[in-house]
Amino acid sequence: MEIKSTTILAVRRNGKTAVGGDGQVTFGNAVIKHSARKIRRLYHNQVIVGFAGSAADGLALMERLEAKLEEFRGNLIKASVQLAKDWRMDKYLRRLEALLLAVDKEHMLLISGNGDIIEPDEPILAIGSGGNYAKAAALALYRNTELSARDIVEKSLKIASEICIYTNDNFVIEEI
């Protein structure tokens, strides 16, 4: 059975970045958990990371990213590049099935096992099964309202939870 879950969304506005994620985990066609925590703070609370995909793989990648952040003194770009290199080249890491979304005060990155490190053109980034729904809602709110980053994340996740069957409305939102 394929495990599907998660909507993770990051929005930056007026010097604040909010990252939010839902809490649903499904296995096949059944919801098995409503309150999973897929958002973590790393490196002295200066980096927020969310994952989509296998929980064990996402958590393993977060640990690796945190080690890289320590190695590169909190430089998110350098740490992400090294993680992506390792992820592509290491026999064990190559098998991990997850995506990471990582933000600090300056950067917003999507990191994948294909070696991708993507910083979006607009300050909105989403991953997971409901990511496109949340991103579409966030773009509309960002472009047409003066809502804060946190409010945009919360409202967009709510919209995604009403559309995506793999997303619920039990949100964790962190701000930096």
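Chemist: Any details on the environment of Lys38? Residues and values, ideally.
Modeler: Tracing the backbone through its elements, the reader meets Lys38 in the loop between strand 5 (30–33) and strand 6 (39–42). For Lys38, a relative accessible area of 3% translates into the label buried. Considered as a pair, Lys38 and Val19 are 19 residues apart in the sequence and their alpha carbons are 10 Å apart. Looking at Lys38, its side chain comes within polar contact range of the side chain of Thr6, at 3.0 Å.

Chemist: Kindly report on the sheet that holds strand 10 (residues 117–118), identifying the contributing residues and their values.
Modeler: Taken together, five strands build an open sheet; the order of strands is 6-7-8-9-10 and the sheet is antiparallel. Either end of the sheet is taken by a strand with one partner, and the two such strands are strand 6 and strand 10. As judged from the two bridges shared by strand 9 (residues 108–111) and strand 10, these two strands associate in the antiparallel manner. What sits directly across from Ile111, in strand 10, is Ile117. In the packing of helix 1 (residues 55–71) onto the sheet, contacts are made with strand 6, strand 7 (47–53), strand 8 (98–103) and strand 9, and the angle to strand 7 comes to roughly 150°. Helix 2 (residues 76–89) contacts strand 7, strand 8, strand 9 and strand 10 of the sheet and is inclined by roughly 5° relative to strand 9.

Chemist: Now, about the nonpolar core: what can you tell me, with residues and values included?
Modeler: In this structure, Val47, Val49, Leu61, Leu65, Leu69, Leu100 and Ile111 are the most contacted members of the largest nonpolar core, which totals 21 residues. Broken down by secondary-structure element, the contributors of at least two residues to this core are strand 7, helix 1, helix 2, strand 8 and strand 9. Discounting chain neighbours no more than four positions away, the residues touching Val49 are Lys38, Ile39, Arg40, Leu42, Met62, Leu65, Leu100, Leu101 and Ala102. In terms of nonpolar packing, the next biggest core, distinct from the first, is built from 15 residues, Ile124, Ile152, Leu157 and Ile173 among them.

Chemist: Talk me through the packing of helix 1 against helix 2; I want residue IDs and the actual numbers.
Modeler: Running from N to C, helix 1 and helix 2 cross one another at 130°; their axes reach a closest spacing of 8 Å. Between helix 1 and helix 2, the angle falls in the class oblique. Relative to helix 2, the crossing made by helix 1 is right-handed. Across the interface between the two elements, Leu61, Arg64, Leu65, Lys68 and Leu69 from helix 1 touch Leu76, Ala79, Ser80, Gln82, Leu83, Asp86 and Trp87 from helix 2. Each residue belonging to the contact of helix 1 with helix 2 can be placed in one class, and the counts come to seven nonpolar, two polar and three charged.

What counts, and at which threshold
Residues numbered from 1 in each chain as written. Predicted model: local features only at pLDDT ≥ 70, side-chain atom pairs only at ≥ 80, totals over all residues. Heavy atoms only, no water. Helix = DSSP H or I, 4+ residues; strand = E, 2+ residues; numbered from the N terminus. Buried < 20%, exposed > 50% of the residue type's maximum accessible area, 1.4 Å probe, protein only. Polar contact = N/O pair within 3.5 Å; in protein donor to acceptor, adjacent residues only side chain to side chain. Pairing = 2+ DSSP bridges. Contact = heavy atoms within 4.5 Å. Axes fitted to C-alpha atoms, helices over the stretch in contact; angles between N-to-C directions. Core = buried A, V, L, I, M, F, W, Y, C linked by side-chain atoms within 4.5 Å. Parallel < 35°, antiparallel > 145°, perpendicular 65-115°, else oblique. Left-handed = near helix turned anticlockwise from the far one by under 90°. Nonpolar A, V, L, I, M, F, W, Y, C, P; charged D, E, K, R; others polar.

Without other data, these values stay purely geometric and don't point to any function.
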